[in-house]
Amino acid sequence: WREFYDAPPLNPDTIEAGGQLSQLMTRPSMNRAANNALNLAREEGRDPASLGIAFNAAGDPVFERVPSWQTLDYVKRGLDDVLNSHRDTTTGRLVRDEGVNALERTMQTFRNFVDQHNSAYAPARAAWAGPSQSMAAMKMGGGFANMPPDQIAFEIARLSPGEQDFYRLGAANALKTQIAGKGPGGNEALALMGNRTRQDQLAAI
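Small disclaimer: the values here were computed from a predicted structure and weren't measured.

*Asks:* Looking at this structure, how should I read the packing of helix α3 (residues 28–43) against helix α4 (residues 69–84)?
*Replies:* To describe two helices that pack against each other, one gives the angle between their axes and the distance between the axes. The N-to-C vectors of α3 and α4 enclose an angle of 115 degrees; their axes lie 7 Å apart at closest approach. Relative to α4, α3 is oriented roughly perpendicular. Between α3 and α4 lies a crossing of right-handed hand. Between α3, through S29, M30, R32, A33, N36, A37, L40 and A41, and α4, the contact on the second element is made entirely by Y74, V75, R77, G78, L79, D81 and V82. Its residues assigned to classes, the contact of α3 with α4 comprises nine nonpolar, three polar and three charged.

Here it is, written out as structure tokens:
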């Protein structure tokens, strides 16, 4: 993270009218992300004004000066909160519709922008997010029984190889719990394989 924060500053052209970052900040989700960033800074005992985020007459967040890399990380964390507000609290999955899909694309665009201008961001982000993403993947895998096989395959394809392992671990734990609930007279094989739908789910996993 220190390498990321200490990297050469962002090109000022990106925050000028029509600049890459300025255009990105006009998206509705970035308004919420900016407000979240200010609240995060305040909660962590930092002066929100130090982030240099203001709002223009249209209500869009703008940067009063070239933002520091830490400021952009606050915005990214604020955008994380926007996206996570659309997750199912039980399974951790995004409750998808066209708006959520567009929001996820905005997140990817913002991450790509920062990665493009600061090569230290991706490894720093991975070092911080690895454990939490692994736990989220395991939680998702634990809820596989409620998902159609094609959606399971879609979810797994979007995960990294390490996260896929945690997804499978979550699914295995769910199966163990199901089998254990059968009791001494239960049919463990039937509990495991169930029916054709369950077989297709497990094949996807």
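Back to the write-up after that little detour.
*Asks:* Looking at this model, I keep getting lost on the pattern of salt bridges. Mind explaining?
*Replies:* Pairing between side chains becomes possible if they bear opposite charge and their charged atoms approach one another. Applying the stated criterion to the full structure yields seven salt bridges. In this structure, the salt-bridge partner of K76 is D80, at a minimum N-O distance of 2.8 Å. Taken as a pair, K76 and D80 lie in helix α4 at a separation of four residues, close to a single helical turn. R196 serves as the salt-bridge partner of D200, at 3.1 Å between the closest nitrogen and oxygen. With D200 and R196 both in helix α10 (residues 196–204) and four residues apart, the pair spans about one turn of that helix.

*Asks:* Just checking my understanding: could you explain the packing of aromatic side chains for this structure?
*Replies:* The geometry of an aromatic ring pair is captured by the separation of the ring centres together with the interplanar angle, meaning the angle of the planes. This model, assessed by the stated rule, comprises six aromatic pairs. Between F4 and Y5, the aromatic rings sit 5.5 Å apart at their centres with planes inclined by 45 degrees, giving tilted as the arrangement. These aromatic residues form a ring-pair network of at least three members: W1, F4, Y5, W69 and Y121.

Reading the values: the criteria
- Residues numbered from 1 in each chain as written.
- Predicted model: local features only at pLDDT ≥ 70, side-chain atom pairs only at ≥ 80, totals over all residues.
- Heavy atoms only, no water.
- Axes fitted to C-alpha atoms, helices over the stretch in contact; angles between N-to-C directions.
- Helix = DSSP H or I, 4+ residues; strand = E, 2+ residues; numbered from the N terminus.
- Parallel < 35°, antiparallel > 145°, perpendicular 65-115°, else oblique.
- Left-handed = near helix turned anticlockwise from the far one by under 90°.
- Contact = heavy atoms within 4.5 Å.
- Nonpolar A, V, L, I, M, F, W, Y, C, P; charged D, E, K, R; others polar.
- Salt bridge = Lys/Arg side-chain N within 4 Å of Asp/Glu carboxyl O.
- Phe/Tyr/Trp six-rings, centres within 6.5 Å; stacked < 30°, edge-to-face > 60°.

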